[in-house]
4 protein chains.
Amino acid sequence: MALVQIDEYGPWTVTPSVRRETDLQSLQADLYADFASFVGERDGYAFYNRFDNMVAVTNGRDAESHRRFQQRVRNRYPVTVSVGVGRAATPVAALGLASERLQATGSAQSADRREAFATGETNPVANARERVTVAHFDVVDATGSLTDRENAVDATLAVRRATLELATHLRDAHDSIAHFVGGDNVIAVCPDLDASAFDRAVSRVREATGIELQVGVSRGETAHEAGHGAKEALEVCRETGTRVQGLDGVSADD
Amino acid sequence: MALVQIDEYGPWTVTPSVRRETDLQSLQADLYADFASFVGERDGYAFYNRFDNMVAVTNGRDAESHRRFQQRVRNRYPVTVSVGVGRAATPVAALGLASERLQATGSAQSADRREAFATGETNPVANARERVTVAHFDVVDATGSLTDRENAVDATLAVRRATLELATHLRDAHDSIAHFVGGDNVIAVCPDLDASAFDRAVSRVREATGIELQVGVSRGETAHEAGHGAKEALEVCRETGTRVQGLDGVSADD
Amino acid sequence: MALVQIDEYGPWTVTPSVRRETDLQSLQADLYADFASFVGERDGYAFYNRFDNMVAVTNGRDAESHRRFQQRVRNRYPVTVSVGVGRAATPVAALGLASERLQATGSAQSADRREAFATGETNPVANARERVTVAHFDVVDATGSLTDRENAVDATLAVRRATLELATHLRDAHDSIAHFVGGDNVIAVCPDLDASAFDRAVSRVREATGIELQVGVSRGETAHEAGHGAKEALEVCRETGTRVQGLDGVSADD
Amino acid sequence: MALVQIDEYGPWTVTPSVRRETDLQSLQADLYADFASFVGERDGYAFYNRFDNMVAVTNGRDAESHRRFQQRVRNRYPVTVSVGVGRAATPVAALGLASERLQATGSAQSADRREAFATGETNPVANARERVTVAHFDVVDATGSLTDRENAVDATLAVRRATLELATHLRDAHDSIAHFVGGDNVIAVCPDLDASAFDRAVSRVREATGIELQVGVSRGETAHEAGHGAKEALEVCRETGTRVQGLDGVSADD
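Conventions and cut-offs
- Residues numbered from 1 in each chain as written.
- Chains lettered and ligands numbered in written order.
- Predicted model: local features only at pLDDT ≥ 70, side-chain atom pairs only at ≥ 80, totals over all residues.
- Heavy atoms only, no water.
- Contact = heavy atoms within 4.5 Å.
- Buried area = accessible area lost by both parts, 1.4 Å probe.
- Salt bridge = Lys/Arg side-chain N within 4 Å of Asp/Glu carboxyl O.
- Helix = DSSP H or I, 4+ residues; strand = E, 2+ residues; numbered from the N terminus.
- Nonpolar A, V, L, I, M, F, W, Y, C, P; charged D, E, K, R; others polar.
- Least-squares fit on C-alpha atoms with pLDDT ≥ 70 in both.
- Buried < 20%, exposed > 50% of the residue type's maximum accessible area, 1.4 Å probe, protein only.
- Expected span 1.5 Å × (residues − 1).
- Pairing = 2+ DSSP bridges.
- Phe/Tyr/Trp six-rings, centres within 6.5 Å; stacked < 30°, edge-to-face > 60°.
- Lys NZ or Arg CZ within 6 Å of the ring centre and 35° of its normal.
- Axes fitted to C-alpha atoms, helices over the stretch in contact; angles between N-to-C directions.
- Parallel < 35°, antiparallel > 145°, perpendicular 65-115°, else oblique.
- Left-handed = near helix turned anticlockwise from the far one by under 90°.

Visitor: What am I meant to see in the interface of chain B and chain A here?
Guide: The interface is formed by 72 residues belonging to chain B together with 72 residues belonging to chain A. Buried area between chain B and chain A, both sides added, is near 5,800 Å², and the carbon and sulfur share of it is 55%. Scanning the region where chain B abuts chain A turns up six salt bridges. The shortest N-O distance in the salt bridge between R171 of chain A and D154 of chain B comes to 2.5 Å. Among the elements of the structure, strand 1 (2-6), helix 2 (21-41), strand 2 (45-47), helix 4 (91-104), helix 6 (142-147), helix 7 (152-174), strand 7 (177-180) and helix 9 (223-240) of chain B are those that each provide at least two residues to the side of chain B that touches chain A. For the side of chain B that touches chain A, the residue count by class is 27 nonpolar, 26 polar and 19 charged.

This is the structure we're talking about:
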């Protein structure tokens, strides 16, 4: 996992005076669009996270390749970024390591920290052997039940509630990271879980929020490969009405 | 309030086969960056909402001007958008009206609805007289308490939890719309509330999540004007350690 | 006419060391894409010119509105821009005035000049009365004679040769500005010329380079209005095989 | 060399009616910005050429990797692109081959040709051994002699005239491709030429146009490597007042 943090962003947004909010929104969205492209080129997955902190899954890639993104930002944006990389048995542990390494280089709002690059003792060869599990969730009939029926405010709050419940559960129970990726979609990066774990996650969200999710799951050597399989498995959920698809070709509903 | 909805986006993302996730992330972020610029040019505020549904506050502007954005998307993107506009006494009512009008033109996933434009009987002159209230919240010492200390996963979950609690409270108690805008910032668009309402909102989030917010509030004829004042008021909170600033120049803490 | 110049761009591209060329290409293209959108919002026309110097026709607009673009660049790019605005009877004279005013604020490579804004004694009300003439040229059957037949190197050189010949002639004979805008298209901004002037320009390019152009011409209060009419007139050339269209509804060939 | 061509672009720009020119300018510039990034990621060089036809040098890269760009365009833009790739002893011959292959798949304006991919019998392994020569030219003291002194119209025409003279000479005498890249910079991709060839090119431009160029030249396995060396060599010209630098570390002036 990689953590990309804009250097001294808070202070910059109000120096020399308060900057126009819509310009900041554009800047953040553009930076993320670039980051998603960059990570996508390397068959990884990117999440906007908090925009000033962005997260990527880049299994099997040399950590040094992130330096190129750092250089690109310096050449294209009025801000610079620092990068932390971590590798561990679970996504949460890996991102924890990346966070600690970045924190060790200085505060996100320190004028002394600029373009820090904290990767630890990485071993690209070993990386190449690992597999990542991606789970792609969405809301069953979101268009019919939310978008075409509810006030957009309430449709959004419903999706946010389901996302937060799911992300909290997956973090606590399975050391996994889940992120909203637009529409009614949530993508989770997980260790090697079985179908029953996803079945429980779906049940948990239904009980806590009344929202019914379905999920496609797949494994691969890169996030792109795993994620692509997960999206195809999710299509099977949509067609068959099952709730969990993609692990061993069997639905957890069976 | 304006609601912009990508036409038939779900089906498009899997036709003729599942599209690469990072390309979709880039597309959505770019579309939002463009939307934020477009709305910013008109002194409004834009929120990414669910990305395939985006929301804007465009007080005092002719609803017809949104047609230009529709045309721009058609000329720049592989997707088209439909637009609904609503005007009412509160942000939630206005967005509800925009949602209903858009829903009345057809389903978001219907092949028959394309570039719908649903504004109702708008009256641009009357619009120009109204004032909007913007409240800009952030987490007290987010860098010290979250970014520089926590695993990025947990820092993000904390901000999400505070955001959801705040947005739900403001929606239920004050018919207001609150949206995460990056970092630890949440912007709310509100009717004419007094300082004590914001004080209660901050207390509510503290009690439910343990997270301490501060907020700058301001009114103006456009969202930009109100929002700019709110950001400056928030700077006063940062400097003085107060929790609510900007209404009548008095802090609610006094 | 407005002239937008990146401040100290040459030095920046090699500081602290030589920056990656493709990043600079992306930066310049993005800045121009933004500029074209910005100017387009105001119904003007924009040209990339030399990328570090960009040019726009913004008849009937308050010069002050360009300050907003300056602010936007500061908030979105690693560079800043200075702006000169000039108003005169011909496009060349107007751009000459804009150039002089900008030059008077300091050198393009001076560290002392940053975000200069040089508009002279502008009079927005008077501006609103003027009309601009736009001529949109392209190569007759460029696809059949060049793109589908020649080496791309030679197709491009042919278009460049025709463009340079045309631009030089229009500048010398009619104080007009012509710019390549992609494909085989050249757009000229002119004073009030009659059809015979365009007929002579087309002949001149044919004689000097062997390349046959056709042109649609139109007048309007904004460059967008005039340019839109010119593009429609050019469609008439394509359909009827005439060489000049759009002035008084009569072809110069008649 | 790779040639990227927008499919049926001319017809698209006027269907169903004439599209807004500034939107087209934005679209083209954005597509090129993306292309430059994509090619830059692979250590190549990209030129906007005619925007609807773009050109890249991608030595030592598998031709198949261009498919990824094709897919990205389909997912991000309202247009699609076809790609031709050619490999030969000189840049002009390589681009000629790429042009022929693309032309063989159908007309650029044919509704039948869409996302053609024409690479011939490419051999990525063999590719990896070749070296490319890049020459980076600029105008001696362009800021002092042009930008800070002339009407922007005339400064631009001067640079265009020098560029066209240079590009025509290098194409005729050395089967090389030269392209304007912004400001007063021209980049040429060449076979293995010696310093005297560049010296003659600089003299030729001086005699024909009165404009004095200087040039840095370098060789490398990728265009980025060669181009980076060329830019550093050009810096030596600027510092020492010589006209050709970078080949064997000796100036042609010596």
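Visitor: I'm lost on the interface of chain C and chain B in this one. Help?
Guide: Accessible area lost during the coming together of the parts is what is often quoted as the interface size. On the side of chain B, seven residues touch chain C, which itself brings seven residues to the contact. Of the roughly 570 Å² buried at the junction of chain C and chain B (both faces included), carbon and sulfur atoms supply 25%. It is S37, E41 and R72 of chain C in chain C that bury the most area against chain B; as a group they hold 64% of the surface buried on that side. Where chain C touches chain B, the interface holds two salt bridges. A salt bridge links E41 of chain B to R42 of chain C; the nearest nitrogen and oxygen atoms lie 2.5 Å apart.

Visitor: Can you walk me through the relation of the copies chain C and chain B in this structure?
Guide: In this structure, two copies of a chain are linked by a rotation about an axis accompanied by a shift along it. Under the fitted operation, chain C is carried onto chain B by 0.0 Å of movement along the axis and a turn of 180 degrees, and the coordinates agree to an RMSD of 0.0 Å. Those values place the two copies in the arrangement expected of a two-fold rotation axis. Looking at the interface residues of chain C, 100% of them are also at the interface in chain B, so both copies use one shared face.

Visitor: Can you walk me through the environment of T143 of chain A in this structure?
Guide: By the secondary structure assignment, T143 of chain A is in helix 6 (residues 142-147). Take T143 of chain A: its relative accessible area is 15%, and that puts it in the buried class. Spatially, the C-alpha atom of T143 of chain A lies 9.7 Å from that of A155 of chain A, the residues being 12 residues apart in sequence. In contact with T143 of chain A, not counting residues within four places along its chain, are D148 of chain A together with S107, A108 and Q109 of chain B.

Visitor: I would appreciate a short explanation of helix 2 (residues 21-41) of chain C in the present structure.
Guide: Helical geometry note: an α-helix holds 3.6 residues per turn, so side chains three or four residues apart project in the same direction. Residue and element names in this part refer to chain C. Over its 21 residues, helix 2 extends 30 Å from the first C-alpha to the last, a length consistent with the 30 Å expected when each residue adds 1.5 Å. Judged by how many residues are buried, helix 2 sits mostly within the fold: 21 of 21 residues are covered. Positive phi appears at D43, one or two residues downstream of helix 2, with a value of about 65 degrees.

Visitor: Looking at this structure, how should I read the sheet that holds strand 6 (residues 132-139) of chain C?
Guide: Sheets are built from strands paired through backbone hydrogen bonds, the pairs being either parallel or antiparallel. All names here are of chain C. Strands sit in the order 7-8-6-9-10 across an open sheet of five strands; the sheet is mixed. At either margin of the open sheet sits one strand with a lone partner, and together these are strand 7 (177-180) and strand 10 (244-245). Taken together, the two bridges between strand 9 (residues 213-220) and strand 10 define a ladder with parallel strand orientation. Residue pairing for strand 10: V215 is matched across the bridge by V244.

Visitor: How should the packing of aromatic side chains be read in this particular structure?
Guide: Centre-to-centre distance and the angle between the planes together describe a pair of aromatic rings. Counted according to the given criterion, the structure contains 30 aromatic pairs over all chains. Consider the rings of Y48 of chain D and F51 of chain D, whose centres lie 4.5 Å apart with planes at 15 degrees: the pair is stacked. This pair shows no difference in class: Y48 of chain D is buried, exactly as F51 of chain D is. An aromatic cluster of three or more residues is present, and its members are Y32, Y48 and F51 of chain A together with Y32, Y48 and F51 of chain B. A cation over an aromatic ring shows up here: R42 of chain C above the ring of F38 of chain C, its NZ or CZ 3.7 Å from the ring centre. The positively charged end of R160 of chain D is found above the aromatic ring belonging to F180 of chain D, 4.6 Å away from the centroid.

Visitor: Just checking my understanding: could you explain the relation of the copies chain B and chain A for this structure?
Guide: With an RMSD of 0.0 Å, chain B superimposes on chain A once it is rotated by 180 degrees and translated 0.0 Å along the axis. When the interface residues of chain B are mapped onto chain A, 100% of them are again interface residues, pointing to one common binding face.

Visitor: Sorry, what's going on with the sheet that holds strand 1 (residues 2-6) of chain C here?
Guide: Residue and element names in this part refer to chain C. In space, the five strands of this open sheet follow the order 2-3-1-4-5, with mixed pairing throughout. Each edge of the sheet is formed by a strand with only one pairing partner; in this case those strands are strand 2 (45-47) and strand 5 (117-118). As judged from the two bridges shared by strand 4 (residues 81-85) and strand 5, these two strands associate in the parallel manner. Each residue of the ladder has a partner; that of G84, found in strand 5, is A118.

Visitor: Help me out: how do you make sense of the packing of helix 2 (residues 21-41) of chain D against helix 3 (residues 65-76) of chain D in this one?
Guide: Helix packing geometry: the angle between the two helix axes and the distance between the axes. Residue and element names in this part refer to chain D. Direction vectors running N to C along helix 2 and helix 3 enclose 150 degrees, while the axes themselves pass 11 Å from each other. The angle between helix 2 and helix 3 places the two elements in the roughly antiparallel class. Relative to helix 3, helix 2 is oriented so that their crossing is right-handed. Residues L31, D34, F35 and F38 of helix 2 touch helix 3, and the partners they reach there are S65, R68, F69, R72, V73 and R76. When grouped by side-chain class, the residues that make up the contact of helix 2 with helix 3 number five nonpolar, one polar and four charged.

Visitor: Sorry if this is basic, but what is going on with the pairing of strand 6 (residues 132-139) of chain A here?
Guide: As a general feature of sheets, a regular strand has side chains that alternate between the two faces. Residues and elements named next belong to chain A. The buried count for strand 6 comes to eight of eight residues, which makes it a mostly enclosed element. Burial of strand 6 is two-sided: the residues V132, V134, H136 and D138 facing one way and the residues T133, A135, F137 and V139 facing the other way are all buried. Alignment of strand 6 against strand 9 (residues 213-220), held across eight bridges, turns out to be antiparallel. Within strand 9, the residue paired with V139 across the bridge is L213. Here strand 6 runs beside strand 8 (residues 185-190); their pairing, made up of six bridges, is antiparallel. The residue of strand 8 that forms the bridge with T133 is C190.

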